[in-house]
Amino acid sequence: MATNTSQVGVILMTYGSPATLDDIPAYLKNIRGGRPADEALIAEFRRRYRLIGGSPLLRITREQARALQAELNRQHPGGPGFHVVAGMRFAPPLIADVVPEVGAFTHHVIGVILSPQYSPIIMSGYVRTLEDAVAALPGGELKIAGDWHLEPLFLQALAQRIQQALGRFPPTLRERVPVLLTAHSMPKRVIEKEPDYINSLKETAAAVARLVGLPPERWMFCYQSAGHTPEEWLKPDFADVMPELRLAGHTHVLIAPVQFLADHLEILYDIEIGAREQAEAVGIQFARTESLNTSPLFIKALAAVVQHTMG
């Protein structure tokens, strides 16, 4: 197929997830840099993925890609034409494997890492993989989106989800239920090298809280999903916060991730199952926001990121 030099290819990149329970050992080996996981860790991940019925991450990321392609082409009816695909870092379809698909349409490639808060250290694997794959395209040209943690439409999409969730509480609770704005915990040693990443997470949380109109005493930023290693991970974890909320007299809590953009293990197990159990164990009723997934506002946010990256 001849390439169309006027088209633009967009690759949405995310972490990836095992397609089946049998794929978990290979998946864990990939994310551990080639080191096989022990049987206990494999069994625990099988248990978690079994409980959530498998991860919908790939399906949702492909839905996001289709929605973004439609949105970009709607916004540019006489423009170059956009072709959007999804690529995963640690599971098929791998980023390097989808680049030739884009290359069949165009040499102009835009990469968007589905993490609004950008870290040169943490995201370097995505960048190197995509740069190497695009370099193999004849005449390939690549631009990669950087940080977009304060993109207005992204913040509005998060705020909308929080407002929708608060609206499901009885009126007597709606104005006082505490809101935990969460992000994935990281090893402390990693963040000590790059504090700006955590600052970006906190800036996103604060900006969303302002949009929703939450006073400082109604919300807090905390972590979730600490890894299975003995080293020190960032605190406070929402597991630490639940007993404190109960001691303060609260009976309900709303958890709202500010980093995750689709349903996957960290939402469907760590929050929906793990956090719910932790809350109910101390007498707190739990709720969470709906993930952004293909929220129209979020898709418009992604379109804005692509257009900004194009320049």
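A brief report on the enclosed structure follows.

Rules used throughout
- Residues numbered from 1 in each chain as written.
- Predicted model: local features only at pLDDT ≥ 70, side-chain atom pairs only at ≥ 80, totals over all residues.
- Heavy atoms only, no water.
- Pairing = 2+ DSSP bridges.
- Helix = DSSP H or I, 4+ residues; strand = E, 2+ residues; numbered from the N terminus.
- Axes fitted to C-alpha atoms, helices over the stretch in contact; angles between N-to-C directions.
- Contact = heavy atoms within 4.5 Å.
- Core = buried A, V, L, I, M, F, W, Y, C linked by side-chain atoms within 4.5 Å.
- Buried < 20%, exposed > 50% of the residue type's maximum accessible area, 1.4 Å probe, protein only.
- Phe/Tyr/Trp six-rings, centres within 6.5 Å; stacked < 30°, edge-to-face > 60°.
- Parallel < 35°, antiparallel > 145°, perpendicular 65-115°, else oblique.
- Left-handed = near helix turned anticlockwise from the far one by under 90°.
- Right-handed = clockwise from strand over helix to strand, strands pointing away.

**Details of the sheet that holds strand β8 (residues 285–288)**
Consideration 1: The strand order across the open sheet built from four strands is β6-β5-β7-β8, with neighbouring strands paired in parallel fashion. Edge positions in the open sheet fall to β6 (219–224) and β8, since each of these has one partner strand only. On average, adjacent strands in this sheet sit at an angle of 30° to one another, irrespective of strand direction.
Consideration 2: Relative to β8, strand β7 (residues 252–257) runs parallel, the two sharing four bridges. Within β8, the position partnered with histidine 252 by the bridge is glutamine 285.
Consideration 3: Strand contacts of helix α6 (residues 152–166): β5 (179–184), β7 and β8, with the helix running at about 160° to β7, the strand carrying the most contacts.

**Digging into the nonpolar core**
Consideration 1: One finds Val10, Leu68, Val112 and Phe298 to be the most contacted residues of the largest nonpolar core, which totals 71 residues.
Consideration 2: Among all residues touching valine 112, those that are not within four sequence positions of it are Val10, Ile11, Leu12, Met13, Ala145, Trp148, Leu302, Val305 and Val306.
Consideration 3: In terms of nonpolar packing, the next biggest core, distinct from the first, is built from 30 residues, Leu41, Ile42, Ile52 and Met242 among them.

**Concerning the packing of aromatic side chains**
Consideration 1: What the rule picks out here adds up to five aromatic pairs.
Consideration 2: Where tyrosine 15 meets phenylalanine 90, the ring centres are 4.8 Å apart and the plane angle is 65°; that geometry is what we call edge-to-face. Remark: phenylalanine 90 occurs in the loop between β2 (82–88) and α4 (95–103) and tyrosine 15 occurs in the loop between β1 (8–14) and α1 (24–31); sequence separation between them is 75 residues.
Consideration 3: According to the relative accessible area criterion, tyrosine 15 is partly exposed, its value standing at 35%.
Consideration 4: The class of phenylalanine 90 is buried, set by a relative accessible area of 11%.
Consideration 5: Here the aromatic rings of phenylalanine 45 and tyrosine 49 are separated by 6.4 Å at their centres, their planes lie at 35°, and the arrangement is tilted. Residue phenylalanine 45 and its partner tyrosine 49 are both found in helix α2 (residues 39–51); the two are separated by four residues, about one turn of the helix.

**Regarding the packing of α6 against helix α9 (residues 195–212)**
Consideration 1: Between α6 and α9, the shortest axis-to-axis distance is 9 Å and the interhelical angle comes to 55°. If you check the angle between α6 and α9, you find them oblique. In the packing of α6 onto α9, the handedness of the crossing is right-handed. Residues Phe154, Leu155, Gln156, Leu158, Ala159, Ile162, Gln163 and Leu166 of α6 touch α9, and the partners they reach there are Thr204, Ala207, Val208, Leu211 and Val212.

**Here we look at the pairing of strand β4 (residues 141–144)**
Consideration 1: Where strand β3 (residues 108–113) and β4 come together, four bridges link them in parallel fashion. Within β4, the position partnered with valine 109 by the bridge is leucine 142.
Consideration 2: Taken together, β3, helix α5 (residues 124–135) and β4 constitute a β-α-β crossover, and its handedness is right-handed.

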